[in-house]
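Commentary on secondary and tertiary structure
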Amino acid sequence: MATSMRVSVIGTGYLGATHAAAMAELGFEVTGVDVDPAKVDLLASGRVPFFEPGLPELLQKHLATGRLRFTTDLAAAVADADIHFICVGTPQQAGSSAANLDYVEVAVAAVARAMSRDGLVVGKSTVPVGTGERLRVLLAALTPEGVAAELVWNPEFLREGRAVEDTLRPDRIVIGGASPAAEAMLREVYATPIAAGTPVITCDLPTAELVKVSANAFLATKISFINAIAELCEAAGADVTVLADALGHDARIGRRFLNAGLGFGGGCLPKDIRALTHRAGELGAPQIASLMRRVDEINMRQRERVVELAIAACDGSVLDARIAVLGAAFKPDTDDVRDSPALSVAAALHLRGAQVSVYDPAAGETGRRTFPTLTFAASTAEAVRGADVVLVLTEWPEFVDASPVALAELARGRTVIDARNCLDADAWRAAGWTLHALGRGAPADVRSVVFA
């Protein structure tokens, strides 16, 4: 689809870089903007500063077509565009559960000052409800006289590891607070997925702001629910994976996000449910705040459980024990280690004196930068060699498909803790391993420890 509409994308992290490349794929002239010159240079050379399947190819394709470019010159990019997507981060504030909106506010203010013609500012970042109205005031105050600017919210729903597919073929498009003209512009932007059957939900600004964080809150609740049930399964000698399969056949429940184990992490779910808790408290909605607080607590408890299992496997102390940690990313198909449960467990064991060797197929470098005191191996075999205990903490196919017989020949001990319930328990036990999995029968007695 060829179009004369020009697009600027402010922020080129996971969201922005993917959105910029996808907009070019949909036929638009796109300029990605970032304050980091090194990141801009990397993207402009066709390289991605993070691991995201399919994105490097899409990026290189549209750098070659000329429809996509990157710059640090926000003013020039904005002056040349009709629609401006705000894709900057909203991390958790230091010392608070609230979202840090500094980057969003700076981005909107910069776009407003640089606009030289009428245009549409589209928020995609995940923000607390009420943010859009404040940004509209800011936009109106800073836009040059004679220039008409409108701000709407179009939340993102991409998943790391599947970001390209989720952007090009979304399961829904939400447009919040748009005038008929603004809605028409966004329908033109998303004409291809709309024509393919993607539903469009139009709503007010607060509803659009709440959709993404509510989706994340629900998914987090589902994960914490099955993990709470997993603890009951352990006490009763039941198998949580079979239980989850049975629940999943109920169309009202579904099987996805009912995998018991180490719990959720990453750059979205943890900070989004905390920001929701904080904002709900500000608005006087204690029930959702209380629920999200408990969801967060259950999730963090799973990390403690894995540490307890590792300590029990080492007869009550991991001091000088060699522990192989398979996985560093918070989930497969990404190198993102933000709030990674795997690295949280690895660091806790390291602090207790264990000799921890971590391996991840994609997140070795990002993990090393985040936890420089940990030792990172170059392969599964290197991590497992000489280990007293093996912990599978990220369900990469490489670990799921690994030969338990071959790994048994490398390890010193024969205990594996399957914290993602992803291994073939019968095959591992047949190879001589003692396997512990969260929620799958009563494990060996574990002592309560303080989680650092």
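Preceding block: the structure.
Residues numbered from 1 in each chain as written. Predicted model: local features only at pLDDT ≥ 70, side-chain atom pairs only at ≥ 80, totals over all residues. Heavy atoms only, no water.

Along the chain, Ile-288 turns up in helix H13 (residues 286-313). Sequence separation of Ile-288 and Ile-273 is 15 residues, and the distance between their C-alpha atoms is 9.9 Å. With residues near it in sequence (within four places) discarded, Ile-288 still touches Leu-276 and Ala-280. (Helix = DSSP H or I, 4+ residues; strand = E, 2+ residues; numbered from the N terminus. Contact = heavy atoms within 4.5 Å.)

Moving on to the environment of Met-23. Along the chain, the position of Met-23 falls in helix H1 (residues 14-25). What makes Met-23 buried here is its relative accessible area of 0%. Note: C-alpha distance between Met-23 and Val-9 (14 residues apart in sequence) is 9.3 Å. Excluding anything up to four places from it in sequence, Met-23 contacts Val-7, Phe-28, Val-30, Phe-85, Val-189 and Tyr-190. (Buried < 20%, exposed > 50% of the residue type's maximum accessible area, 1.4 Å probe, protein only.)

The N-to-C vectors of H13 and helix H14 (residues 341-351) enclose an angle of 45 degrees; their axes lie 10 Å apart at closest approach. For the element pair H13 / H14, the angle class is oblique. The element H13 and its partner H14 pack so that their crossing is right-handed. Where H13 abuts H14, its residues Arg-303, Val-306, Val-307 and Ala-310 lie against Pro-341, Ser-344, Val-345, Ala-348 and Leu-349. Among the residues forming the contact of H13 with H14, the class breakdown is seven nonpolar, one polar and one charged. (Axes fitted to C-alpha atoms, helices over the stretch in contact; angles between N-to-C directions. Parallel < 35°, antiparallel > 145°, perpendicular 65-115°, else oblique. Left-handed = near helix turned anticlockwise from the far one by under 90°. Nonpolar A, V, L, I, M, F, W, Y, C, P; charged D, E, K, R; others polar.)

It is worth spelling out the sheet that holds strand S13 (residues 415-418) at this point. Spatial ordering of the open sheet is given by S11-S10-S9-S12-S13-S14, a layout of six strands whose pairing is parallel. Bordering the open sheet on either side are strand S11 (375-376) and strand S14 (434-437), each of which pairs with just one other strand. By the bridge criterion, four bridges tie S13 to S14 in an arrangement that is parallel. Counterpart to Asp-418 in the pairing with S14 is Ala-437. Against the sheet, H14 makes contact with strand S9 (322-326), strand S10 (355-359), S11 and strand S12 (389-392), and its axis sits at roughly 160 degrees relative to S10, the strand it touches most. (Pairing = 2+ DSSP bridges.)

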